[in-house]
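As a plain string of letters, each chain reads:
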Amino acid sequence: MPEPVRAGERIFRGIPVSPGVCRGKILVLGKPNGDVLPRTEILEEEIPVELKRFEQALVDTRHQVLEVQRQLSEGLGANDAAIFDAHLLVLEDPTLIDEVNRLIREQKVGAGYAFQQVVEKYIKTLSSIGDDYLRERATDMRDVAGRMLDNLVGRETNLDLRNLTEPCIIISYDLTPSQTAQMDKKMVLGFATDIGSRTSHTAIMARSMRIPAVVGLHHASHEIPSGTYVLLDGFNGQIVVNPTDQTLFEYGQLVKKRVSLEEKLRDTIDKPTVTLDGIPVILSANVEQASDTEAVLASGAEGVGLFRTEYLYINREVLPNEEEQFQAYFQVADALKPSPVIIRTLDLGGDKFLSHLNVPQEMNPFLGWRAIRFCLQEREIFRVQLRAILRASVVGNIKMMYPMISGLDELNQANALLEEFKGELRKEGVPFDENLEVGAMIEIPSAAIAADSLARRVKFFSVGTNDLIQYSLAVDRLNERIAHLYEPTHPAIIRLIKMTADAGAKHGVWTGVCGEMAGDPVLTPLLLGLGVTELSAAPGAVPQIKYLIRRLKMTEARELADFALNCESAGEILARCKKLTAQVAPSLFENLAP
Ligand code: PEP
Ligand code: MG
């Protein structure tokens, strides 16, 4: 809900996901598949206008579909283009059209709302029937309905985010990780979404690209029109519409304070990551693309703790081949050697999809065909990636880990395939590192509980807290409505991390954390106290973490962890974490409010 603060100003509050402040004009971007439109009541005399608007949108959508079909049949052939016949049929369906017209007339509602009501009813009915053909019709209908709504509401949907011509702040109902990856950093000053939360891949991408961002703003994309001048505050998670001079002044002061903090942090970049009582910690960075290595070096991180390789696969028409992947892995390992680079094998699914892979839509994508489950079935895709990683392993210090391991079976299967592909390369006389270290991500509770047996088959664990929290607490990591239940300091999470680190230590296996918990300085002492020896965070967060570790005693961290392991309340644990970190490094936590 917007809040009026100073005269002429409105404030929308959401969830801060990427720090920074920016000012500029809003560009509203449409969600390709339509979000829920609010009910708009119309007057009797407006009915003909709405009926006409609906008719016009049907005509415009039909032209667009025909154009897409024409382009496809030139590129791919008539057979592939024929799938759009189903879309055209939806636009000509007399029952659907009559029903929308009737709703506009009888209920006196806007055409967009009426169309959405009717089409959603059809989609629901088609999807609920256990028949693959009908379910596909529901997908066609959703697709064409998205186009219709874009035409009815007049949203920008076909914008190429790589080629924006003016600097702007993007606001949208939602943004996919692939859209975010396309953003031109010179033109996108910041972005905001109605839905989403801190650990969505879109938010993670924003931090990695250092674009200020706020998510979970509810209806902001409906309420702030394109062209509006706003200030976006990625520290506190708010958008100020039409900021007054006083607000701009106060934010100017805040930015100055942040700049002076960053200067202070810069002094520690070249220093070792070691606690005040002399215990070294490995501090690494998370990367999404090979070009992120410069940011890693500049952050003072000692290597890469998580290379999310999915981004090599998205925003493209064909899968990356072995050579292309080899080049990417080689580039990162070469730039950072002798520091380690942990390459995570493909983690597609959840909120990261490849449109051209034809992965069927799932009811629960985060519980579905994703990550290692996908790779163990799509063996050829896995083979290409593992061969590329193995080949690159002769350069620098590459390690590899599997995402979403749920238990021993999957780990054994993945390792068996790895051995098979190593055998191929040996036969071909292609060199690779025979001692390549392999680790498992611990992001499913079953893996943490079974860490003892996993530890016998790996060299390291990397705890993916983003998923571990989502699966342990049954809280969707993307859903802003339940973001308050997504609690990293929940006693169950603390115990699962401890269980993992203990099981690892028993077998000489080190445990790192590469989820977003590792990027929050408030939680650094807790993780170290639990026995975690490596932290991997977005490059932007690395200097703060190092600054804090250099001021912390491991004894304090262990005391905090002991307290947390015996405490029953997430809130109390968090309060203790805040107290300790504010004592150890006060300057990191001051001066964030304008
Ligand atoms: C995690 O789940 O914590 C993790 C690092 O993997 P991702 O965020 O890519 O799912
Ligand atoms: Mg994960």
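Presented here is a report on the structure given in the accompanying data block. (Residues numbered from 1 in each chain as written. Chains lettered and ligands numbered in written order. Predicted model: local features only at pLDDT ≥ 70, side-chain atom pairs only at ≥ 80, totals over all residues. Heavy atoms only, no water.)

A separate point is the site of ligand 1. If you check the shell around ligand 1, you find 17 residues, and the closest are H201, R308, G464, N466 and R477. T465 places a main-chain nitrogen or oxygen 3.1 Å from an oxygen atom of ligand 1. In the environment of ligand 1, an oxygen atom lies 2.8 Å from a nitrogen or oxygen atom belonging to the side chain of R477. When ligand 1 sits alone it has 290 Å² of accessible area, and the protein chains cover 100% of it. For the shell around ligand 1, the secondary-structure elements that each account for two or more residues are α8 (201-209), β11 (304-308) and α18 (465-473). For the shell around ligand 1, the leading source of residues is α18, giving 3 residues. For the shell around ligand 1, the residue count by class is 4 nonpolar, 5 polar and 8 charged. (Near = heavy atom within 4 Å. Polar contact = N/O pair within 3.5 Å; in protein donor to acceptor, adjacent residues only side chain to side chain. Areas by Shrake-Rupley, 256 points an atom, 1.4 Å probe, with all protein chains shown as cover. Helix = DSSP H or I, 4+ residues; strand = E, 2+ residues; numbered from the N terminus. Nonpolar A, V, L, I, M, F, W, Y, C, P; charged D, E, K, R; others polar.)

Around the magnesium ion (ligand 2), the protein contributes the donor atoms E443 (OE) and D467 (OD), at 2.1 to 2.2 Å from the metal centre. Of this pair, E443 sits in the loop between β14 (437-442) and α16 (445-449) while D467 is found in helix α18, placing the two residues 24 residues apart along the sequence. For E443, a relative accessible area of 2% puts it in the buried group. (Donors = N, O, S within 2.8 Å, 3.2 Å for Na, K, Ca; no water. Buried < 20%, exposed > 50% of the residue type's maximum accessible area, 1.4 Å probe, protein only.)

Y329, F382, Y402, F461, I497 and L535 are the most contacted members of the largest nonpolar core, which has 125 residues in total. When residues no more than four places from it in sequence are discounted, the contact partners of F461 are A440, I442, A451, L454, A455, T500, G504, V509, W510, T511 and G512. Counting 34 residues, the second-largest nonpolar core is a separate cluster that includes L58, V100, Y122 and L149. (Core = buried A, V, L, I, M, F, W, Y, C linked by side-chain atoms within 4.5 Å. Contact = heavy atoms within 4.5 Å.)

The alternating pattern of strand β15 (residues 460-463) places F460 and S462 on one face and F461 and V463 on the opposite face, and all of these are buried. Summarising the sheet, β14 and β15 pair through 4 bridges and their orientation is parallel. Residue pairing for β15: I442 is matched across the bridge by V463. Of the strand pairs in this sheet, β15 and strand β16 (residues 510-513) are connected by 4 bridges, and their pairing is parallel. (Pairing = 2+ DSSP bridges.)

This part takes up unusual backbone geometry. A cis geometry characterises the amide bond from K337 onward to P338, with omega recorded as 5°. Within the secondary structure, P338 sits in the loop between α12 (322-336) and β12 (340-344). One non-glycine residue with positive phi stands out, namely H218, at about 60°. Take H218: it is sitting in the loop between β7 (213-215) and α9 (220-223). Of note in this structure, A474 is not a glycine but carries a positive phi near 55°. On the secondary structure map, A474 appears in the loop between α18 and α19 (491-506). Residue classification places A474 among the exposed residues on the basis of a relative accessible area of 67%.

What follows is about the side chain of T511. Position of T511 relative to the elements: it lies in strand β16. Filtering out sequence-adjacent residues up to four positions away, T511 remains in contact with F461, V463, T500, A501, V532, T533 and E534.

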